[in-house]
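One letter stands for each residue in the lines below.
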Amino acid sequence: MILQLQNSGGYLHFDRDQCVAAGEALAERYRTAQPYPHIVMDDFLDAGLLRRVNAEFPARDGRTYFDRPQERFKYQFNPNTVDSGLVRNLLAELNGEPFLAFLSAMTGIERLISDPYYAGGGLHETLAGGHLGVHADFNVHGDMKVERRLNLLIYLNDDWDPAFGGDLELWDKKMRKAATSIQPLMARAVVFNTTLQNFHGQPDPLKCPPDRSRRSIATYYYTAFEGRADQPERTTTFQQRPGTGDKRDWAVKYDHFVRDWVPARLQTVARKAGHRIGIGR
């Protein structure tokens, strides 16, 4: 096990010294990985603890899921809407300073900022037939206006048959091929740098039985811009894999066009025009 959670009066928490030591031990492996800095860590946290999280995973009743060509049958659960105290405890610790120290020691990125809003993060669940196209992540937090730098994924899938698919793929910057494919196995964690050219996804439809799903914990980390505030603000930008039928995301392309080229006073009008012709967000 890479990191251990201590129990103090029923509250689970990371030990900072252990986090820093673990991060330093993994630093070279992380920073030299291709196609961009990342790491795959098995037995990241106690599997028994993660099975308890799985047992307390929220129900899908009354929840909506993504359902468009670029992402389908994927649910997102903000921990602030989840009843489980264990889930809230674990996600709070993944946002806490000892864990940020682990990430900084491993990645070399200092002054990381966690996200109390869990924008796009929390618990994820994808059903049979679902997928998430290859993409680069949004780069600016909508509320905090800070730059996204790292993703953490922790998988919750016991007895995962490779035939189910659901692999996370990391693609090269020129979108020629998947450089790495990672199975979503129980207690396996993945951390990777996020930039506008760090493409990744779960692009092939999930082939698990209807009574199974692909579950994970997702938390994202940020830094202040530090003099780089002139970079364009981008939402999730989906890519087309060569030789496939992946659909171009015209809505996002139009949104970026409006952001970059339409005067601020006219952007609302431009977005309404986009909606009328079916390409607005």
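Residues numbered from 1 in each chain as written. Predicted model: local features only at pLDDT ≥ 70, side-chain atom pairs only at ≥ 80, totals over all residues. Heavy atoms only, no water.

**Re the overall build of the chain**
Put simply, the rule is: A run of H or I in DSSP becomes a helix once it reaches four residues, and a run of E becomes a strand once it reaches two; helices and strands are each numbered from the N terminus. When we talk radius of gyration, it's over C-alpha atoms, and the globule rule is simply 2.2 Å times the number of residues to the 0.38. Buried means the residue's accessible area, taken with a 1.4 Å probe over protein chains only, is under 20% of the maximum for its type, while exposed means over 50%, and partly exposed covers the values in between. Residue contacts are defined here by distance: any two heavy atoms, one from each residue, within 4.5 Å place the two residues in contact. All accessible areas in this document rest on Shrake-Rupley with a 1.4 Å probe, and a residue is counted as covered only by the protein chains that are shown. Here Asp and Glu are counted as negative and Lys and Arg as positive; His is not counted, and neither are the chain ends. Throughout, a charge is located at the NZ atom of Lys, the CZ atom of Arg, the CG atom of Asp or the CD atom of Glu.
Secondary structure summary: the chain contains 6 helices and 13 strands in total. Taken over C-alpha atoms, the radius of gyration comes to 19 Å for the chain, in line with the 19 Å a tight globule of 281 residues would show. Principal-axis analysis of the C-alpha atoms places the extent of the chain at approximately 55 × 50 × 40 Å. Counting across all 281 residues of the chain, residues that qualify as buried make up 51%. Restricting to contacts in the chain with at least 6 residues of sequence separation, those with at least 24 account for 79%. In the form shown here, the chain has an accessible surface area of approximately 13,500 Å², with 49% of it arising from carbon and sulfur atoms. Charged side chains of the chain number 36 positive and 35 negative; the gap between the two group centres comes to 8 Å.

**A word on the nonpolar core**
Here is the rule: Definition of nonpolar core: a set of buried residues of the types Ala, Val, Leu, Ile, Met, Phe, Trp, Tyr and Cys, connected through side-chain atoms within 4.5 Å.
F99 and F102 are the most contacted members of the largest nonpolar core, which totals 44 residues. When neighbours within four sequence positions are excluded, F99 is seen to be in contact with L3, F14, C19, F44, E93, L94, L152 and Y221. Counting 13 residues, the second largest nonpolar core, distinct from the first, contains L168, L170, I182 and Y220.

**Some thoughts on the side chain of N198**
The criterion, for reference: Here a polar contact is taken to be a pair of N or O atoms separated by no more than 3.5 Å, where protein atoms must pair a possible hydrogen donor with a possible acceptor and residues adjacent in sequence count only if both atoms sit in side chains.
On the secondary structure map, N198 appears in the loop between β10 (189-193) and β11 (200-202). Within the local environment of N198, its side chain forms a polar contact with the side chain of K173, the two groups lying 2.7 Å apart. Within the local environment of N198, its side chain forms a polar contact with the backbone oxygen of N193, the two atoms lying 2.9 Å apart. If sequence neighbours within four positions are ignored, N198 has contacts with Y36, H135, A136, K173 and N193.

**Section: the side chain of D137**
By the secondary structure assignment, D137 is in the loop between β6 (122-136) and β7 (147-155). Looking at D137, the relative accessible area reads 8%, which means it is buried. Looking at D137, its side chain comes within polar contact range of the side chain of R148, at 3.4 Å. Not counting chain neighbours up to four residues away, the residues in contact with D137 comprise R148, N151, F192, T194, L196, H200, T235 and T236.

**A closer look at the pairing of strand β9 (residues 178-182)**
Stated precisely, the cut-off is as follows: At least two bridges found by DSSP between two strands are what make those strands a pair.
As defined by bridge partners, strand β8 (residues 168-171) adjoins β9 across 4 bridges and the pair is classed as antiparallel. Bridge pairing links W171 to A178 in β9. Counting the residues between successive antiparallel strands, the hairpin from β8 to β9 contains 6 residues, one of them, M175, with a positive phi of roughly 55 degrees.

**Description of helix α2 (residues 47-55)**
Rules: By arc we mean the arc of the directions from the helix axis to the C-beta atoms, nothing more.
Those residues of α2 not exposed but buried are A47, L49, L50 and V53. Looking straight down α2, one finds its buried side chains confined to an arc of 155 degrees; they lie on one side. Next to the buried residues of α2 lie β1 (5-8), β2 (11-14), α3 (85-94), β7 and β12 (214-223). N-capping of α2 is provided by D46, with a side-chain oxygen placed 3.3 Å from the backbone N of G48.

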